[in-house]
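These are the residues of each chain, in order.
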Amino acid sequence: MSGTFVGMPAFPKNAAKAVQNSQLRFNLRKATHTIRGKRAAVVGELDDWAELREAGKAIKDHTLRNLDRYLLQMEEKVTEAGGTVHWARDAAEANRIVARLVKETGETEVVKVKSMATMEIGLNEALAEEGIEAFETDLAELIVQLGDDFPSHILVPAIHRNRAEIRELFLKKMAGAPKDLTDEPRALAEAARLYLRQRFLEAKVAISGANFMIAETGTLVVLESEGNGRMCLTLPKTLISVVGIEKLLPAWQDLEVFLQLLPRSSTGERMNPYTSMWTGATEGQEFHLVLLDNGRTSVLADKVGRQALRCIRCSACLNVCPVYERAGGHSYGSVYPGPIGAILTPQLRGMDTPLDRSLPYASSLCGACYEVCPVAIDIPSVLVDLRGKARHPRTEKAGMAAAGWVFNRSKRLAKAQRFGGRMRRLVPKRLPGPLSGWTDTRDLPDIPAESFRDWWVREGGADGRRPAVPPVGNLPQESRKK
Amino acid sequence: MRVALFITCVNDTLFPGTGKAAVGLLRRLGVDVEFPLAQTCCGQMHLNTGYRDEAVKLANRFTETFAGYDAVVAPSGSCAAMVREQYPHLDIEDIPKVYDLSEFLVDVLKVTDVGAYFPHKVTYHPTCHSLRGLKVGDRPTDLLKMVRGLELVPLPGAEECCGFGGTFAVKNRDVSAAMCADKIGNVMKTGAEVLCAADNSCLLHIGGTLRRQKSGVRVLHLAEILASTEESAE
């Protein structure tokens, strides 16, 4: 994955900084709640959404089970249609292939369609080292690139920026920006348009990803909103597409499902403005497809985790995630932030760094992500499974072992409760060590003198039977007062 | 029908009042609820923190303890969801039939008016595992609406997580506190005296913050409101 995030601290530390940033909190809340509402409205319009979701999941699962076959079919069809297929085991290999292909054209500049796969492998940085400049043409990606910034959202990578910041950035970094540029969205978009138009007309090489690949016909599909993709995909002489191997769909007909699932889940639109499809190369043009593994095969080998490969990068999970909303995208230290990032990044990169180990814990397991996922990825279950594979802190391990020991015998639990009941006046208001995380912002509850089970036995309730004396409903007025 | 109460380790240890209320309520409705003393914890904390082996041990212990019961009632949406939703992932066999309290009242006993009296302004937080795990829907609020004297006010952003999340509250303290701050902001907007939920773990977190801020809002488990009667209120 991109080297740009290397060396970042663990998620909780990054998030602690982000929650203090009131401008970021405001931007994120406004943006995510707006898209969330739009998504809910357009999803609600379809009576068969549950069936579509089930179909999306089934098609993806079928494809992943037969990926070897469909990949070879894809290669065959693309080759037949005049394209060239390259296989890349990892980021380094993919970057080498793309750099070589660009050099062979003799060009030193390329235009780019927004693509998660090329960000994942850090293609722009790799090309820069080879003396090739890559221009992002998606408006938000352009903003991120001009600002030497990291993306913080899959769909809206500059979600952390407001329009005043964007105006400043354009004036400082974008060649030809009008001196009297205002921060009106229309004015900002117009300035970017004029700047990008020049790039489109000059570019001889374009680099893209793809939302889908159709094995049956060898067709690639890109969905977008701005039309910049269409420009890149049609004008330049050479097109290089870097696509993760999990983006395959068996047949043209499968698009029926995904062209409904993706726009509604992603931008909250019934249909996205531009859908471009191409098969191989047109006469006089060149097309290269780089099929990217970069850890995907090992994800596929994991029984629980492999469902993450169903992801169609819609980012609906980000827009409903309460943790993402407060922590922001940069805290995840990956081009894949939010709930999907929390299960994808540790699987693709492994859990060797403190950051990658902390990602499966970057969730309260509230389940909102699973509910909106258009391909029904059970993100909470994958998070829990990854937690089971992560290395745990020593003190936590000791604590969990002790708790397990107590819970394995009810008599031990009863003893521990009685001990706690006797000590209840001695519990400090602030707990030490990692537990201070609880008492920093919360009071502890009053520890009761008697546990429920001791009360049950005292009331004459034998094991499994009701108490001899029927208890009355307790008095709420007395409960939990200080 | 043999009915057992699964009190849950948190309620057993920290909130016996909720257990007493559940027993009182069920007896008032004619249910001869039993309490197997061998019960301890469903294993949720271990599983969700990444200690699967310990969780499996506790899950097996749970199924043994409650074998033979027609229904197991738990006054905790999240512990009930652990048994119903997560045990199958752990390959646990013969999982007992577990109900959250509101499900048991509405679906099994088929009552929504439990004869309760609670003359206070109350708002209800649905809690994630009840809402999205068990999918209890409107059952808790249907029950609350029938409580005499109770004024139920809707909670803005009710379906949003409060930020508890078990060990998440400690591991990601800042995000957890930020989520709770927003939840509390919404609670305060309602003007309610009491915040009710069907899960004391979430209430431990929200209630602990409300108390630290000296907000004057109390938290109460659904069982405790449903158990109160005119006699007990005096």
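Rules behind the numbers
Residues numbered from 1 in each chain as written. Chains lettered and ligands numbered in written order. Predicted model: local features only at pLDDT ≥ 70, side-chain atom pairs only at ≥ 80, totals over all residues. Heavy atoms only, no water. Disulfide = S-S within 2.5 Å. Buried < 20%, exposed > 50% of the residue type's maximum accessible area, 1.4 Å probe, protein only. Salt bridge = Lys/Arg side-chain N within 4 Å of Asp/Glu carboxyl O. Helix = DSSP H or I, 4+ residues; strand = E, 2+ residues; numbered from the N terminus. Pairing = 2+ DSSP bridges. Axes fitted to C-alpha atoms, helices over the stretch in contact; angles between N-to-C directions. Contact = heavy atoms within 4.5 Å. Domains from an automatic or database assignment. Buried area = accessible area lost by both parts, 1.4 Å probe. Polar contact = N/O pair within 3.5 Å; in protein donor to acceptor, adjacent residues only side chain to side chain. Nonpolar A, V, L, I, M, F, W, Y, C, P; charged D, E, K, R; others polar. Patch = residues over 30% accessible without salt bridge, like charges linked within 9 Å, V, L, I, M, F, W, Y side chains within 5 Å. Areas by Shrake-Rupley, 256 points an atom, 1.4 Å probe, with all protein chains shown as cover. Lys, Arg positive; Asp, Glu negative; His and termini not counted. Charge placed at Lys NZ, Arg CZ, Asp CG, Glu CD. Phe/Tyr/Trp six-rings, centres within 6.5 Å; stacked < 30°, edge-to-face > 60°. Right-handed = clockwise from strand over helix to strand, strands pointing away.

(A) Highlighting the state of the cysteines. Residue and element names in this part refer to chain A. The final tally for this structure, using the stated rule, is zero disulfides over all chains. With no disulfide partner, Cys373 has as its closest neighbouring cysteine sulfur the one in Cys314, 6.3 Å distant. Accessibility expressed as a relative area gives 8% for Cys373, which makes it buried.

(B) Here's a closer look at the pattern of salt bridges. The full count for this structure, using the stated rule, is 41 salt bridges over all chains. Between Arg25 of chain A and Asp182 of chain B there is a salt bridge, with the nearest N and O atoms lying 3.7 Å from each other. One end of the pair, Arg25 of chain A, is in helix 2 (residues 22–44); the other, Asp182 of chain B, is in helix 10 (residues 173–190), on a second chain. On the accessibility criterion, Asp182 of chain B (27% relative accessible area) is partly exposed. Two residues, Arg161 of chain A and Glu165 of chain A, come together in a salt bridge whose shortest N-O distance is 3.7 Å. A single network of salt bridges, built from pairs that share partners, joins Arg25, Arg29, Arg36, Glu325 and Arg326 of chain A together with Glu160 and Asp182 of chain B.

(C) Up close: the sheet that holds strand 3 (residues 133–136) of chain A. Residue and element names in this part refer to chain A. Read across the sheet, six strands follow the order 1-10-7-4-2-3 without closing on themselves; strand pairing throughout is parallel. Of all the strands in the sheet, just strand 1 (84–88) and strand 3 have a single pairing partner and so form its edges. Taken pair by pair, the neighbouring strands of this sheet meet at an average axis angle of 25°, ignoring direction. Strand direction decides the pairing type here: strand 2 (residues 109–112) and strand 3, joined by four bridges, are parallel. Directly across from Lys112, in strand 3, lies its bridge partner Glu136. Seen against the sheet, helix 4 (residues 67–80) touches strand 1 and strand 10 (286–292) and runs at an angle of roughly 145° to strand 1. Lying over the sheet, helix 5 (residues 91–105) contacts strand 1, strand 2, strand 4 (205–208), strand 7 (238–244) and strand 10, oriented at roughly 145° with respect to strand 1.

(D) Summary view of the domain arrangement of chain A. We note that the domain assignment places domain 1 (3–298) and domain 2 (394–458) within chain A. One C-alpha centre belongs to domain 1 of chain A, the other to domain 2 of chain A; they are set 50 Å apart.

(E) The interface of chain B and chain A, seen in detail. Taken residue by residue, the interface counts 80 residues in chain B and 82 residues in chain A. Contact between chain B and chain A buries roughly 6,900 Å² in total, counting both sides, with carbon and sulfur atoms accounting for 56%. If you look at where chain B meets chain A, you find nine salt bridges. Asp443 of chain A is the partner of Arg212 of chain B in a salt bridge, and the nearest nitrogen-oxygen pair spans 2.7 Å. Put simply, chain B and chain A have 30 residue pairs in polar contact (both at pLDDT 80 or more) between them. Looking at the side of chain B that touches chain A element by element, the count peaks at nine residues for helix 2 (residues 16–28) of chain B. Residue composition of the side of chain B that touches chain A, by class: 36 nonpolar, 26 polar and 18 charged.

(F) Summary view of the sheet that holds strand 7 (residues 218–221) of chain B. All names here are of chain B. Spatially, 5-4-6-7 is the arrangement adopted by the four strands of the open sheet, whose pairing is parallel. Strand pairing shows two members of the sheet lacking a second neighbour, strand 5 (151–153) and strand 7, which therefore form its edges. Across the sheet, the mean angle from the axis of one strand to that of its neighbour is 35°, orientation sign disregarded. Looking at chain direction, strand 4 (residues 121–124) and strand 5 are connected through three bridges and run parallel. Paired with Lys121 across the bridge in strand 5 is Glu151. Along the sheet face, helix 11 (residues 200–212) touches strand 6 (194–197) and strand 7 and points at about 170° away from the line of strand 7.

(G) How the structure looks around a positive patch on the surface. Residues Arg65, Lys303 and Arg306 of chain A together with Arg52 of chain B make up a contiguous surface patch of positive charge. Structurally, Arg52 of chain B can be placed in helix 4 (residues 52–65). A relative accessible area of 35% places Arg52 of chain B in the partly exposed class.

(H) Looking closely at a negative patch on the surface. On the surface, a cluster of negative charge is contributed by Asp47, Asp48, Glu51, Glu54 and Glu256 of chain A. With respect to the helices and strands, Asp48 of chain A occurs in the loop between helix 2 and helix 3 (49–65).

(I) Broad picture of the environment of Ala342 of chain A. All names here are of chain A. One can find Ala342 in helix 16 (residues 338–349). Separated by 38 residues in the primary sequence, Ala342 and Pro380 place their C-alpha atoms 10.0 Å from one another. Ignoring any residue separated from it by four or fewer positions in sequence, one finds Ala342 in contact with Leu359, Pro360, Leu383 and Leu386.

(J) Spotlight on the packing of aromatic side chains. All chains considered together, the criterion is met by 15 aromatic pairs over all chains. Centroid distance Phe452 of chain A to Trp456 of chain A: 6.1 Å. Interplanar angle 35°. Geometry classified as tilted. Of this pair, Phe452 of chain A and Trp456 of chain A are both found in helix 23 (residues 452–458), four residues apart, which corresponds to roughly one turn of the helix. An identical accessibility class is assigned to Phe452 of chain A and Trp456 of chain A; each is buried. Ring geometry for Phe452 of chain A and Phe35 of chain B: centres 5.0 Å apart, planes at 65°, overall edge-to-face. With one member in each of two chains, Phe452 of chain A in helix 23 and Phe35 of chain B in the loop between helix 2 and helix 3 (44–49) form a pair that bridges those chains. Phe35 of chain B shares its class with Phe452 of chain A; the two are buried.

(K) Structural detail: the pairing of strand 6 of chain B. All names here are of chain B. Because side chains alternate across strand 6, one face comprises the buried residues Val194 and Cys196, and the other comprises Leu195 and Ala197, equally buried. Taken together, the four bridges between strand 6 and strand 7 define a ladder with parallel strand orientation. Counted as the bridge partner of Cys196 is Leu220 from strand 7. Taking the sense of rotation as the criterion, the β-α-β connection linking strand 6, helix 11 and strand 7 turns out right-handed.

(L) Summary view of the environment of Thr118 of chain A. Residue and element names in this part refer to chain A. Of note, Thr118 is situated in helix 6 (residues 116–120). Expressed as a C-alpha distance, the spacing of Thr118 and Leu355, which sit 237 residues apart in the sequence, is 22 Å. What Thr118 contacts, discounting residues up to four positions off in sequence, is Lys112, Leu123, Ile207, Ser208 and Val242. A polar contact is formed between the side chain of Thr118 and the side chain of Lys112, at a distance of 2.9 Å.

(M) A look at the domain arrangement of chain B. All names here are of chain B. When cut into domains, chain B gives domain 1 (3–108) and domain 2 (121–233). Placing the centre of domain 1 and that of domain 2 at their C-alpha centroids yields a distance of 20 Å. Residue-level contacts link 26 residues of domain 1 with 22 residues of domain 2. For the pair domain 1 and domain 2, the summed buried surface comes to about 1,900 Å²; carbon and sulfur atoms form 64% of the total. Area buried by domain 1 at its contact with domain 2 is led by Thr18, Arg28 and Ser102, which between them contribute 20% of it. Where domain 1 touches domain 2, the interface holds one salt bridge. If you look at where domain 1 meets domain 2, you find 12 residue pairs in polar contact (both at pLDDT 80 or more).

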